[in-house]
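One-letter residues, chain by chain:
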Amino acid sequence: MPDGSMVQGPVLRVEDLTVRFTRRDTDVAAVNGVNFSLNAGETLTILGESGSGKSVSLKAMMGLLPGYARIDGRIWLNGRDMLTLPEAELRKVRGGAISMIFQEPMAALDPVYTIGEQIAETIVQHEGCSKDTAWKRALGLLEQVKIPSAARRLKNYPHEMSGGMRQRAMIALALACSPSVLLADEPTTALDVTVQIQILLLLRQLQQELGMAIVFVTHDVGAAAEISDRIAVMYAGRFAETGTTRQIMRQPLHPYTKGLLASTVHGGMRGTRLETIPGSPPNLAHLPPGCAFAPRCRYAVDACRQGDIPVVTDETGHMARCVRVEEAVPA
Amino acid sequence: MSAALQIPLDPRDRGGPAQPLLLVENLRKHFPVRGGILNRQTATVQAVDDVSFSVRKGETLGIVGESGCGKSTTARLLMRLIEPDAGDVIFDGDAVGDRRGISVNDMRRQMQMVFQDSYTSLNPRMTMVESIAYAPRMHGTPRREAIDRAEMLLHRVGLNPRQYARRYPHELSGGQRQRVNIARALALEPRLVILDEAVAALDKSVEAQVLNLLGELKESLNLTYLFISHDLNVVEYMSDRVMVMYLGRVVEAGPVESIYRHPRHPYTRALFASKPTLDPDRRTTEMPLTGDPPNPINPPSGCRFRTRCAFAQPRCAERVPELLAPVAGDADASHVVACHVPEAQTPKHHTTEVGHA
Amino acid sequence: MSATTIKQGHDARMSSTLQTEIAITTPDMPVGGVTPGYWKSVAGRLLRDKVTMAVTLVILGILFITLGAPLVTSYDPYAGSIMTRLKPIGTPGHWLGTDETGRDLWTRLCYGGRMSLLAAILPVTIALIAGGFLGVLAGYAGGRVGTLIMRTMDVFYAFPSILLAIAICGLLGNGLSNSIIALAVVFIPPMVRVSETVTSQARGLDFVEAARASGTTTLQIIRHHVLANVLGPILVYATSLISVSIILSAGLSFLGLGVTPPQPEWGLMLNSLRQAIYVQPYVAALPGLMIFITSMSFNLMSDGFRSAMDVRLNK
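Worth saying up front: this structure is predicted, and the values here are computed from it rather than measured.

Novice: I tried to follow the overall build of chain B on my own but got confused; where do I start?
Specialist: A count of helices and strands for chain B gives 13 helices and 11 strands. In summary, chain B has a C-alpha radius of gyration of 21 Å against a globular reference of 21 Å for 357 residues, a match within 12%. Projected onto its principal axes, the C-alpha positions of chain B cover 65 × 55 × 50 Å. Here chain B holds 357 residues, and the buried ones make up 57% of them. Taking all contacts inside chain B whose residues are at least 6 apart in sequence as the whole, residues at least 24 apart take part in 68%.

Here's what the structure looks like:
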């Protein structure tokens, strides 16, 4: 399976990833078997609501979960399994071959160092080059993420920047060591609409220039449609459906995807009653047997409430985890 | 959507359907920024500056804008959670806080608010039914009656009282808590409900449920809404009329169809063009606006949008544009714009379509 | 989730034309049976916390032997005898030995605890009431009133607590009541600061705004919304202050500024047994051990309360 040669093929492959948070009196199954692979220059969006396990999956890939998290499965990054790497190796990979941007740049950036210092420090640490070279690279990075008057901005502290600028600075920091995979955890959620589209466009353009793979996690269908090549719809710790952006947006197969799209308000819905998914997502500490969506699903039959739900994949790679996918396709 | 005409007689209705339920004139709030050892005022945040609008009986007025535009401050000013520096608020013909008008307390019985954060807006030490019954009890409703009514309200917002009445906030999901907050706001039987980003923190599937609920409640209880949100799609869905705010001022206002189909202010147009298209084949390729909204501390002179506006001219820096109906054209007079530059207001078709090139 | 509730939800969904979506009441967050109230769930968490339960038992034990001293010993705490001076631990009849005037040490420790606990708990109680009041006032009122109160308290913060206590005691003269007053003055500023912080936090929360927005009066808001939410943390902090107070009050009487001899009190006993440290080191250390155990137990108990009351930990 894992060919260390990394000539072609996926830069990131996740196999059967599961994450459980086990503490004294709780056992939360946050991620329950996630599989995907990602090629260079490709963007996969994990679309899901709160508690779907999308952020936990991302943190598992980055090795950022707390000690009491039990992680199983394989995360192949450039042919090496992240989960078996010793901590020292992992530190080198983190911020190097794989890096991450967050929803709240204020929390990810260190308030006591300037933007320039933080980027230069990361470069020095990973590549061992001189401070001078690192500083020049930092300037180039700020220009690359289109921060106006970059030379001046290098000497700014995070709190001296506006929300959108901070997000750009964090992207620059993440790109410092030319990662092959960029993990993005809701990077546009906290931003204003006019700034959000700027960041989405920036990420798209940077990807074309640098050829990295992006895993973009969001709850926002609009952002997902704007940026993704493929979308994976996540529910209760599993991918309910994966497909190209067109397939997911135009011919959703899984009842959850359909419900999610139908309940997302967009233009031209005035005067109509919104279609909703009744109830709310299940408690991850007490997942129902069978399909986790069955208790809210309009099409659920007995087969949905027991055993493993088969995965149905068509020849284009459009996958849905649903018992009734074949009959319920009227698209 | 002429809901105003269908309102049956409310004993509290004073001026009839033609009189606006809420009339706001020249509302202003500037927050001092203090600093230094002596705590001197060093700057001013012009959070709300000269804002005027009206809300008709039975309609939903949507307020959109980005962070720092003053929409939430406006809500808090209306509720008198903060004191305005200047301006008049007239509730159904009565000036609020005026000797000859209506007291702030009486106004609050008729005007209630739902906050964004469903968790912090509920007292963690009170059960759901206690929270809902609290305000009526403080206003003298006997305990038993207040609790019965609270349970009825719970049912009304779609929560089974038997299951949820005695629960605490942390035992409910965000959507359920927001339903309780809505019930709490309705407990005093208000006529106007201010919804300040009331669905912003909810998941999309839950958001749709709450929006449907708000629609039903409005119909069955003859409510009037002031719907504040940053989400353009949700505002379009909910509102009869829309008001767009930028850095503490109103830049455009009018009927929802008119605003969404023919936005006139350059800011409104940029805002709409920034909306994700939801169509993988027609993705946005050009940024409608660059940079972030400027800081409301010491905003630009004249038209506050001029620093980011492609049509800006010298006069935009000199004079504050007034909210006026366009001189000519097909739009009706209720659609008003605050812009000096007529050519900026002419919606060129390629400008609105710029995203889909 | 039980079968019946699922069925209810299912039925409701069948009649989808229902005006409000009762289907929402399907249990999305099964909490498992009846949900307990807040204080009940706090008690539940406390009962499961073995350390807190153990130290609480220790404190109850200390309270029993001190308040019920006549029940656990038959000696007179003041009556000594030259014959039985400085007996070691394990002496028949005096299982913890005797002090320098031949008084039974177990008896002295039991009776002495009364003074020690009184001199430690009373100042904290006074500080809790006075400091809590000032702090809630400063936190809720804010503005000038708040600044005035807080700046005044900052003056007291400038001195180390033990020095301040000694200075006040020196000013007022020695004696139990003066030591209590001195400690109360020392504890009021931190009490004010803690209550001010939690109050101003609670005041900024939306539910307080919501209560204001529905015309609730300030007093009602403080009573129902602020106090209910700040009393917990303030009480926890007061409990942790007791442990400091025990050490400080013992220190004052050790220095001769608190309780006067021949009254038994742990700090004072430690002082008078000091001379016997080479003769009977273990006996001489016993009052110190009592101070340590009591102070430690109060500290651990307040930690336990703090984590049991923090709802977010369990979210």
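Moving on from the coordinates now.
Novice: For this particular structure, what's the right way to read the pattern of salt bridges?
Specialist: Pairs can form between side chains of opposite charge once their charged atoms are near each other. The tally for this structure, following the rule as stated, stands at 45 salt bridges over all chains. The closest approach of N and O atoms between Glu216 of chain B and Arg273 of chain A, which form a salt bridge, is 2.7 Å. Within this pair, whereas Glu216 of chain B is found in helix 7 (residues 204-221), its partner Arg273 of chain A is found in the loop between helix 11 (255-263) and strand 11 (312-313), the two belonging to separate chains. On the basis of relative accessible area, Glu216 of chain B is assigned to the buried category, the value being 11%. According to the relative accessible area criterion, Arg273 of chain A is partly exposed, its value standing at 46%. Each of Arg76 and Asp196 of chain B together with Asp206, Glu209 and Arg212 of chain C takes part in a single network of salt bridges with overlapping partners.

Novice: Explain the packing of aromatic side chains here, please?
Specialist: To describe a pair of aromatic rings, you give the distance between the ring centres and the angle between the ring planes. Counted under the stated rule, the structure contains 10 aromatic pairs over all chains. With a centroid separation of 5.3 Å and an interplanar angle of 65°, the aromatic rings of Tyr256 of chain A and Phe293 of chain A are classed as edge-to-face. Here Phe293 of chain A lies in the loop between helix 11 and strand 11 and Tyr256 of chain A lies in helix 11, a separation of 37 residues in the sequence. Taken individually, Tyr256 of chain A and Phe293 of chain A each receive the classification buried, so the pair is uniform in this respect. An aromatic cluster is present here, built from Tyr235, Tyr256 and Phe293 of chain A joined pairwise through their rings. Positioned above the aromatic ring of Phe272 of chain B is the side chain of Lys275 of chain B, whose terminal nitrogen or guanidinium carbon lies 5.9 Å from the ring centre.

Novice: I tried to follow the sheet that holds strand 1 (residues 22-35) of chain B on my own but got confused; where do I start?
Specialist: Hydrogen bonds between backbone groups are what pair the strands of a sheet, and the pairing can be parallel or antiparallel. All names here are of chain B. The sheet built from 4 strands is open, its strands ordered 2-1-4-5 with antiparallel pairing. The open sheet has two edge strands, strand 2 (40-55) and strand 5 (94-95), and neither has a second partner. With 5 bridges connecting them, strand 1 and strand 4 (residues 86-91) associate as antiparallel partners. The partner of Leu22 across the bridge, within strand 4, is Phe91. Helix-sheet contacts for helix 1 (residues 71-78) involve strand 1, strand 2 and strand 4, and the interaxial angle to strand 1 is about 110°.

Novice: How do you make sense of the nonpolar core when you look at a structure like this?
Specialist: Nonpolar side chains tend toward joint burial in soluble globular proteins. Among the nonpolar cores identified, the biggest contains 68 residues, and Ile182, Leu211, Leu214 and Phe227 of chain B are the most heavily contacted of them. For this core, the domains that each give at least three residues are domain 1 (3-244) and domain 2 (264-356) of chain B. In this structure Leu214 of chain B touches Ile182, Leu195, Tyr225, Phe227 and Met238 of chain B, once residues within four positions along its chain are discounted. Within the second largest apolar cluster, 61 residues are counted, among which are Leu96, Val192, Ile242 and Leu248 of chain C.

Novice: Looking at this structure, how should I read the pairing of strand 9 (residues 241-246) of chain B?
Specialist: Look at any regular strand and the pattern is simple: side chains alternate between the two faces of the sheet. All names here are of chain B. The element strand 9 is largely enclosed, with a buried count of 6 among its 6 residues. Side chains of strand 9 alternate between two faces, with Arg241, Met243 and Met245 and Val242, Val244 and Tyr246 buried alike. Here 4 bridges tie strand 3 (residues 60-64) to strand 9, and the two strands are oriented parallel to one another. Paired with Leu61 across the strands is Arg241, a residue of strand 9. Taking the residues that link successive antiparallel strands as the turn, the strand 9-strand 10 (residues 249-255) hairpin has 2 residues, and the phi of Leu247 there is positive, at about 45°.

Novice: Can you walk me through the domain arrangement of chain B in this structure?
Specialist: Buried accessible area, meaning the area lost when the parts come together, often serves as the stated size of an interface. All names here are of chain B. Once the domains are mapped, chain B shows domain 1 (3-244) and domain 2 (264-356). For domain 1 and domain 2, the distance between their C-alpha centroids amounts to 29 Å. Between domain 1 and domain 2, the buried area comes to about 1,200 Å², and carbon and sulfur atoms account for 61% of it. The interface formed by domain 1 and domain 2 contains 1 salt bridge. When the shortest N-O distance is used, the salt bridge between Arg304 and Asp49 registers 3.0 Å. Taken together, the links from domain 1 to domain 2 amount to 6 residue pairs in polar contact (both at pLDDT 80 or more). Sort the elements by how many residues they give to the side of domain 1 that touches domain 2 and strand 2 lands first, with 5 residues.

Novice: What is the right way to read the environment of Gly95 of chain A from this model?
Specialist: Residues and elements named next belong to chain A. By the element assignment, Gly95 lies in the loop between helix 2 (87-93) and strand 6 (98-101). Separated by 169 residues in sequence, Gly95 and Thr264 have C-alpha atoms that sit 35 Å apart. Leave out the neighbours within four places in its chain, and Gly95 touches Met62, His126 and Cys177.

Novice: What's the story with the sheet that holds strand 10 (residues 238-244) of chain A in this structure? I'm lost.
Specialist: Residue and element names in this part refer to chain A. Strand order in the open sheet formed by 8 strands is 6-7-8-3-9-10-12-11, and the pairing between neighbours is mixed. Because the sheet does not close on itself, it has two edges, and the strands there are strand 6 and strand 11. With 5 bridges connecting them, strand 3 (residues 43-47) and strand 8 (residues 213-218) associate as parallel partners. Its bridge partner being in strand 8, Leu44 is matched across the sheet by Val215. Across the sheet, helix 7 (residues 163-174) touches strand 6 and strand 7 (181-185), and the angle it forms with strand 6 is around 170°. On top of the sheet, helix 8 (residues 193-210) reaches strand 3, strand 6, strand 7 and strand 8; it is set at about 160° to strand 8, its chief contact.

Novice: Sorry, what's going on with the interface of chain A and chain B here?
Specialist: Taken residue by residue, the interface counts 46 residues in chain A and 47 residues in chain B. Summed over both partners, the interface of chain A with chain B buries about 3,800 Å², with 53% contributed by carbon and sulfur atoms. Seen at the junction of chain A and chain B, the total is 5 salt bridges. Linking Arg246 of chain A and Asp281 of chain B is a salt bridge whose minimum nitrogen-to-oxygen distance equals 2.5 Å. On inspection of chain A and its partner chain B, the count reaches 23 residue pairs in polar contact (both at pLDDT 80 or more). Take the side of chain A that touches chain B: its biggest share by element is 7 residues, from helix 8 of chain A.

Calculation notes
Residues numbered from 1 in each chain as written. Chains lettered and ligands numbered in written order. Predicted model: local features only at pLDDT ≥ 70, side-chain atom pairs only at ≥ 80, totals over all residues. Heavy atoms only, no water. Helix = DSSP H or I, 4+ residues; strand = E, 2+ residues; numbered from the N terminus. Rg over C-alpha atoms; globule rule 2.2 N^0.38 Å. Buried < 20%, exposed > 50% of the residue type's maximum accessible area, 1.4 Å probe, protein only. Contact = heavy atoms within 4.5 Å. Salt bridge = Lys/Arg side-chain N within 4 Å of Asp/Glu carboxyl O. Phe/Tyr/Trp six-rings, centres within 6.5 Å; stacked < 30°, edge-to-face > 60°. Lys NZ or Arg CZ within 6 Å of the ring centre and 35° of its normal. Pairing = 2+ DSSP bridges. Axes fitted to C-alpha atoms, helices over the stretch in contact; angles between N-to-C directions. Core = buried A, V, L, I, M, F, W, Y, C linked by side-chain atoms within 4.5 Å. Domains from an automatic or database assignment. Buried area = accessible area lost by both parts, 1.4 Å probe. Polar contact = N/O pair within 3.5 Å; in protein donor to acceptor, adjacent residues only side chain to side chain.

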